[in-house]
Structures are given as C-alpha cells and as structure tokens.
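Observations on the model geometry
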Amino acid sequence: PFLKAMSEIEVIEFDKNLTLVLGGGGNSAILVGDKEVLVVDSKIMRGRTQLFDMVKQKAGNKPIILVNTHLHGDHTKGNPLYTGNTIIAGAYSKEEWVTENGEDGFPTEWLKDTKEISIGDETVILKNVGQAHTQNDVVVFFKNRKMLFLGDMLMIGMHPFLKEKHGSKITLYIEKTNLAIEEFQPEKIIPGHGHIGGKELVDEFHAYFADTKSVAEGKSELATVEEKYKNWISFFHMAGTNATVKYWKKELGIK
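Conventions and cut-offs
Residues numbered from 1 in each chain as written. Predicted model: local features only at pLDDT ≥ 70, side-chain atom pairs only at ≥ 80, totals over all residues. Heavy atoms only, no water. Helix = DSSP H or I, 4+ residues; strand = E, 2+ residues; numbered from the N terminus. Rg over C-alpha atoms; globule rule 2.2 N^0.38 Å. Buried < 20%, exposed > 50% of the residue type's maximum accessible area, 1.4 Å probe, protein only. Contact = heavy atoms within 4.5 Å. Areas by Shrake-Rupley, 256 points an atom, 1.4 Å probe, with all protein chains shown as cover. Lys, Arg positive; Asp, Glu negative; His and termini not counted. Charge placed at Lys NZ, Arg CZ, Asp CG, Glu CD. Expected span 1.5 Å × (residues − 1). 1 Å grid on protein atoms, 1.4 Å probe; cavity = no way out; pocket = protein on both sides within 12 Å on 5 of 7 lines; lining within 4 Å. Points joined across faces, edges and corners; volume = space filled by probe spheres on them. Nonpolar A, V, L, I, M, F, W, Y, C, P; charged D, E, K, R; others polar. Polar contact = N/O pair within 3.5 Å; in protein donor to acceptor, adjacent residues only side chain to side chain. Pairing = 2+ DSSP bridges. Axes fitted to C-alpha atoms, helices over the stretch in contact; angles between N-to-C directions.

Counting its regular elements, the protein chain contains eight helices and twelve strands. Over its C-alpha trace the protein chain gives a radius of gyration of 18 Å, about what one expects of a compact globule, namely 18 Å for 255 residues. In terms of overall dimensions, the protein chain has C-alpha extents of about 60 × 35 × 35 Å along its principal axes. Classification of the 255 residues of the protein chain by burial places 53% in the buried group. Here the contacts in the protein chain between residues at least 6 apart in sequence split such that 57% fall between residues at least 24 apart. As displayed, the protein chain offers around 11,500 Å² of accessible surface, 49% of which is attributable to carbon and sulfur atoms. A distance of 2 Å separates the average location of the 31 positive side-chain charges in the protein chain from that of its 35 negative side-chain charges.

The following block contains the structure:
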C-alpha cells in the first residue's frame with residue numbers, strides 16, 4: 001500500500017490556473033501566473049517526472065519557483081529537474097540537506113521566516129513555522145483561494161513518518177498546525193499525503209495523535225487503537241500505530 005501511494009497520482013484541475021497533483025510522493029500543486037509558475041513539492045520516483053512534464057507544459061518559457069515544504073525525499077527528489085530555476089526550502093543547514101538529498105537540486109533560497117509572492121491573480125504566503133515534522137517546516141497559503149498546504153504536518157489515511165534526527169516532535173505537529181489554521185483561516189487544506197478537505201482533516205489527524213498518546217500513557221489498549229487505524233497506510237516498521245506510541249513515550253519521557 002505504501003509503494004502504491006508513492007506511485008499513483010491523481011490530477012485535479014482546481015481552476016484554470018491551479019492544478020493539484022496528489023500522490024506520486026507528497027502532494028503537489030502547479031499555480032500558473034502570467035509571468036511565473038509556482039510549484040509546491042517535487043515528488044519522487046515516477047511521480048517526479050510526471051509532475052515535471054505537466055509543469056513544463058503549463059509553464060512554457062516562464063521561470064519556475066519550486067517550494068519544498070520540507071527536506072524528505074518524497075517531496076524533494078524531483079528537485080534536480082528544476083535546476084536553473086528558483087528553489088525555496090526551510091532554513092536547513094547545507095549538511096542536513098545534502099545528507100538527505102545529495103547536492104543535485106539544491107535550494108537556491110533558504111526561508112527563515114515569511115515571504116510573499118504574487119503569482120498571477122494569487123498572493124502566495126510562504127511561512128517557515130520551525131520545528132514540527134522536521135526542524136524547518138514550510139506551510140504555503142494561497143490567500144485568494146483560501147487554500148493552505150501543510151506538508152507532512154498533516155497526513156490523511158497514512159501513519160506519520162517520525163524521525164528524531166530531523167526534529168519530529170508530535171506536540172509541535174499539533175501546536176504549529178493549530179497556529180497556522182488560526183492565522184490563515186483556510187477553507188481548503190492540502191495535506192502532505194491524502195485527500196484534500198477542510199479543518200475536519202486536522203481534527204482527524206489530531207485525534208490519531210490523542211489516541212496513540214493515550215496508549216503511551218497507559219490509558220488505552222494498543223490493540224484497540226491498532227484496530228481503529230488498521231486501514232491507514234504504514235511505512236514498513238518505521239511508521240504505524242505502535243511506532244507512533246513508542247515515539248510518544250520517548251517524547252514524553254515515559255518508560
């Protein structure tokens with residue numbers, strides 16, 4: 001199921017200038033302006049070339065701005081295809097980025113706080129919210145469309161990939177997501193993986209964290225929570241109900 005989710009894509013022509021490309025790695029978007037084209041996340045494996053072919057068809061000779069919501073490969077492995085264009089990512093160190101992705105497709109701009117970009121009829125706000133899924137998660141808000149991209153701070157139908165060396169902290173997933181919702185008041189929310197929706201998606205994901213925390217604290221049975229989320233996609237042994245419970249225990253200092 002995980003490899004299937006990483007290979008299959010769904011294309012949604014949201015309007016004449018915005019295309020959402022779900023799956024094939026992390027969820028992506030192509031926003032076409034009169035002078036530039038903005039892309040959110042560059043995917044992995046076959047998805048990266050499928051996305052890039054769509055981008056080139058829509059962009060023509062227009063310059064491209066690629067935004068990476070974070071440094072994990074399922075959102076960045078297509079970056080080398082955009083060499084010569086602007087690539088924006090959170091304020092990681094060069095060592096962090098190269099260790100995860102190599103030097104090809106290296107970002108041209110490290111975002112430390114907030115940046116606004118005008119793309120056609122849209123004002124795009126990029127914000128580095130700091131540590132949550134990684135040390136430098138970037139959210140992307142399409143102001144006029146009231147659409148918020150949360151990267152892997154939000155995943156639907158898929159267990160979170162928690163990696164201590166990259167700064168994953170569940171309490172900050174919840175805090176930073178809630179702050180972004182409060183600040184931007186989106187009507188549409190795009191998770192890093194899974195289908196689009198509204199704030200109910202955030203409620204669903206945070207309920208998962210509450211359930212797994214309850215197990216970590218000894219208030220609920222693991223088997224009961226595993227049954228509840230049995231249809232969620234796991235990433236081998238590195239992501240799943242039990243993996244999240246173990247991560248909670250370590251984060252909370254529970255033996």
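Our next topic: helix 6 (residues 199-216). Across its 18 residues, helix 6 extends 26 Å between first and last C-alpha, which sits within 8% of the 26 Å expected from 1.5 Å per residue. Listed in full, the buried residues belonging to helix 6 are Leu201, Val202, Phe205, His206, Tyr208, Phe209, Asp211, Thr212, Ser214, Val215 and Ala216. In the stretch just after helix 6, Gly218 is the one whose phi turns positive, near 80°.

Empty space among the atoms becomes apparent when a probe as large as a water molecule is rolled across them. Tallied over the full model, the rule gives two cavities of 30 Å³ or more. As a volume, the largest cavity reaches approximately 40 Å³. The wall of the largest cavity is formed by Asn27, Val40, Asp41, Thr69, His75, Phe149, Leu150, Gly151, Ile190, Pro191 and Gly192. Split into classes, the residues belonging to the lining of the largest cavity amount to five nonpolar, five polar and one charged. As a volume, the second largest cavity reaches approximately 30 Å³.

A few words now on the side chain of Glu122. Tracing the backbone through its elements, the reader meets Glu122 in strand 9 (residues 122-130). For Glu122, a relative accessible area of 1% gives the class buried. A distance of 3.0 Å separates polar atoms of two side chains, one belonging to Glu122 and the other to Arg145. If near-sequence neighbours (up to four positions away) are discounted, Glu122 is found in contact with Leu31, Ile117, Phe142, Lys143, Asn144 and Arg145.

Read across the sheet, five strands follow the order 8-9-10-11-12 without closing on themselves; strand pairing throughout is mixed. In this open sheet, the two edge strands, each paired with only one partner strand, are strand 8 (114-119) and strand 12 (188-190). Direction aside, the axes of adjacent strands within the sheet are offset by 20° on average. Sheet analysis places strand 11 (residues 147-149) next to strand 12, joined by three bridges and oriented parallel. In the strand pairing of strand 12, Leu148 is matched with Ile189. Contacts between helix 5 (residues 170-184) and the sheet are confined to strand 9, strand 10 (137-142), strand 11 and strand 12, with strand 9 contributing the most and set at about 150° to the helix.

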